[in-house]
Amino acid sequence: MCVTTEVPGQHDLRGAKEKKEKLLKSLPTDLDIDVRREELQYMQGQRRNVTWISRMESVQAAVDAQLSRLAHSEPNKRVCLVTFSDDVVIIGDGRMVPVTMAGDKLSNSQTVVDTGREIPLPAAIRETQKALSKKVFSLEESGQTALGPAVLVSIVIASQKPGSKVIVCTDGLANVGLGGLDVTSSDKAYAAAVNFYDDLGDIALEKGVTVSLLKIQGGDCRAVELGQVANRTGGQVTPVNPLTVTEEFSSILTNPVIATDVISKIILHKELYIRTEDSRESVIVKQVGNVTADSELTYEYGMHRSKKPPIAPTPTDGDEVKSKGDTGGASPGITKVPPLIIDGQTHVAFQLQIEYTSLDGDKCLRVITQTKPVTSDRSVAEK
C-alpha cells in the first residue's frame with residue numbers, strides 16, 4: 001500500500017498534512033528545520049509540479065467518499081471497518097474500542113469466528129460517518145497481510161444482517177494466519193488454503209453475505225484463489241487502478257442485494273437436457289445465493305440424441321403453417337421450413353422456479369412458465 005503513483009499538478013490530500021507533521025515531530029529539532037525548507041525536499045532535476053499518491057491514500061479517499069455518499073443517500077446503512085496487516089483490527093463503526101486479533105489467534109478459525117460474533121451491530125452511518133472517516137485517515141501501511149482471518153471475521157460480523165456486503169481491498173498476498181498463499185502450488189499448505197477459501201464462500205453463501213474483491217493493480221494477491229469466495233457469493237473481482245478505486249467502490253455499493261438464499265430450479269421437456277451441467281438431466285436445481293438487480297443466470301440446453309424428432313409434413317401449395325394460438329398465419333420465413341415435432345407437439349414448455357428469502361425475511365417462491373415453438377431453422381430460432 002506504500003507504492004506511489006505520479007499525478008500531474010499539486011494536490012492537497014486529506015490526512016497528508018497530519019502525517020507530515022507527525023513525521024517531523026519524530027525528527028531531531030535541527031533536522032526538523034532543514035526538512036521544512038521546501039528546496040531541500042526535492043532531488044536535483046526532479047519534477048516539482050506533481051503529486052505522488054500512495055495506494056493507501058487512494059483507498060482512504062475512496063472509502064471516505066463512499067462514507068459521505070452513504071451518509072447522504074442511505075443514512076440508515078451500517079458500516080463496519082476491519083483492517084489487516086500483521087494482525088487484524090476490528091474498528092467497527094469507529095466509536096467502539098477496537099478489537100485486535102494477533103499471533104496464534106489468526107490461525108484458529110474458531111477463535112476468529114467467536115471474536116466476530118462478539119462484535120455489536122454498527123450504528124447507522126448518519127451517526128458514525130465522522131468517527132469512521134477519522135479512523136480511515138489514521139491508517140498507516142505496515143507489516144504483512146493477514147487477509148484470510150480478516151475476511152472470515154468480516155463475514156461473521158456481516159452475517160448479523162443477511163444481504164450485507166463485504167468489500168475486500170488489498171494489494172498484498174495473504175501470508176499470515178488462515179488462508180496463507182505464500183506457498184508453492186504443490187505444497188499441502190496450498191491445498192489447505194484453497195479449501196479455506198472454498199469454505200469461506202460456503203459460509204458467506206449460507207449467511208446471505210456477498211463478498212467482493214478490489215485488487216489494486218501492481219500487487220500480487222492471488223485473485224484466482226480469493227475470487228472463489230466472490231464467485232460463490234455473487235460478488236465481483238475487480239482489478240483497479242489506484243486512481244480509479246473510488247469509482248469501483250461506488251459501482252459495488254450502488255448495486256444492492258435484493259434477495260438472499262436464492263435457489264433456481266429449471267424444468268425442461270423430457271427430450272431436452274441442460275448442456276452446461278455434468279449430468280444430462282431435464283431438471284436442474286442450482287443454489288445461487290445472493291442476487292442484485294443486475295444478476296444473470298444462463299442455461300444452455302440440447303436435445304437427447306437417442307431420439308430424432310419427426311418433421312411435420314411439408315405444406316402443399318397454398319397451405320400455411322400456423323403455430324399454436326396463431327390466428328394470422330406464420331410469417332413467410334417459417335412457411336419455408338416445416339416445423340419439428342417433439343413428443344407429438346410443435347411447442348415445448350420451459351418452467352423456472354425461484355425460491356428466495358426477501359430482505360424482510362419472508363420465504364418466497366416465483367414460478368415462470370413459457371412455451372416456445374420448435375423449429376429447425378436457426379435464423380428463426382435466433383429472432
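Procedures and definitions
Residues numbered from 1 in each chain as written. Predicted model: local features only at pLDDT ≥ 70, side-chain atom pairs only at ≥ 80, totals over all residues. Heavy atoms only, no water. Salt bridge = Lys/Arg side-chain N within 4 Å of Asp/Glu carboxyl O. Buried < 20%, exposed > 50% of the residue type's maximum accessible area, 1.4 Å probe, protein only. Helix = DSSP H or I, 4+ residues; strand = E, 2+ residues; numbered from the N terminus. pLDDT = per-residue confidence, 0-100. Contact = heavy atoms within 4.5 Å. Core = buried A, V, L, I, M, F, W, Y, C linked by side-chain atoms within 4.5 Å. Expected span 1.5 Å × (residues − 1). Bend = angle between axes of the 7 residues up to and from the residue. Phe/Tyr/Trp six-rings, centres within 6.5 Å; stacked < 30°, edge-to-face > 60°. Polar contact = N/O pair within 3.5 Å; in protein donor to acceptor, adjacent residues only side chain to side chain.

So, about the pattern of salt bridges. Per the stated rule, a full pass over the model turns up six salt bridges. A salt bridge links Arg126 to Glu127; the nearest nitrogen and oxygen atoms lie 3.8 Å apart. Of the residues examined, Arg126 reaches a relative accessible area of 49% and is grouped as partly exposed. Residue Asp202 is joined to Arg232 by a salt bridge in which the shortest nitrogen-to-oxygen separation is 3.0 Å. Of this pair, Asp202 sits in helix 7 (residues 188-207) while Arg232 sits in helix 8 (residues 223-233); the two residues are 30 residues apart in sequence, bridging distant segments of the chain. Several salt bridges share partner residues, and in doing so they unite Arg69, Glu74 and Lys77 into one network.

Considering every residue of the chain, the mean pLDDT works out to 78; 70% of them sit at 70 or more. Confidence drops under a pLDDT of 50 for residues 316-338, and excluding neighbours within four residues, the segment shows 20 contacts in the predicted structure.

Attention now moves to the nonpolar core. Judged by nonpolar contacts, the single largest core of 37 residues is most densely connected at Val88, Leu152, Val153, Tyr197, Leu200 and Val211. Among the elements of the structure, strand 4 (88-92), helix 4 (109-117), helix 6 (147-158), strand 6 (165-170), helix 7, strand 7 (210-216) and helix 8 are those that each provide at least two residues to this core. For this core, the leading source of residues is helix 6, giving nine residues. When near neighbours in sequence (up to four residues on either side) are disregarded, Val153 contacts Val82, Val88, Ile90, Met101, Val112 and Gly116.

Moving on, we come to helix 5 (residues 125-137). Compared with the 18 Å implied by 1.5 Å per residue over 13 residues, the 17 Å span of helix 5 between its first and last C-alpha is a close match. Ala131 marks where helix 5 bends most, by close to 30°. Among all positions of helix 5, only Ile125, Thr128, Leu132, Ser133, Val136 and Phe137 are buried.

This part covers the environment of Lys286. Examined against the element boundaries, Lys286 turns out to sit in strand 11 (residues 283-292). Considering only alpha carbons, one finds Lys286 and Leu297, eleven residues apart in sequence, at a separation of 10.0 Å.

For the coordinates displayed, the defined rule picks out two aromatic pairs. Seen from their ring centres, Phe196 and Tyr197 are 5.1 Å apart, and the 75° between their planes marks the pair as edge-to-face. Of the two residues, Phe196 and Tyr197, neither departs from the other in class, the shared state being buried.

Bringing the environment of Tyr190 into the picture now. Considering the arrangement of structural elements, one finds Tyr190 in helix 7. Taking C-alpha positions, Tyr190 is 8.3 Å from Gly179, a pair spaced eleven residues apart along the chain.

So, about helix 6. The end-to-end C-alpha separation of helix 6 is 16 Å, in line with the 16 Å expected for twelve residues at 1.5 Å each. Where burial is concerned, most of helix 6 is hidden: twelve out of the twelve residues are buried. Residues of helix 6 that are buried include every one of Leu147, Gly148, Pro149, Ala150, Val151, Leu152, Val153, Ser154, Ile155, Val156, Ile157 and Ala158, and no others.

What follows is about the side chain of Thr210. Looking at where Thr210 falls in the secondary structure, it is placed in strand 7. At 2.8 Å, the side chain of Thr210 and the side chain of Asn290 are in polar contact. Setting aside residues no more than four positions away along its own chain, Thr210 makes contact with Ser164, Lys165, Val166, Thr233, Gly234, Gly235, Val257 and Asn290.

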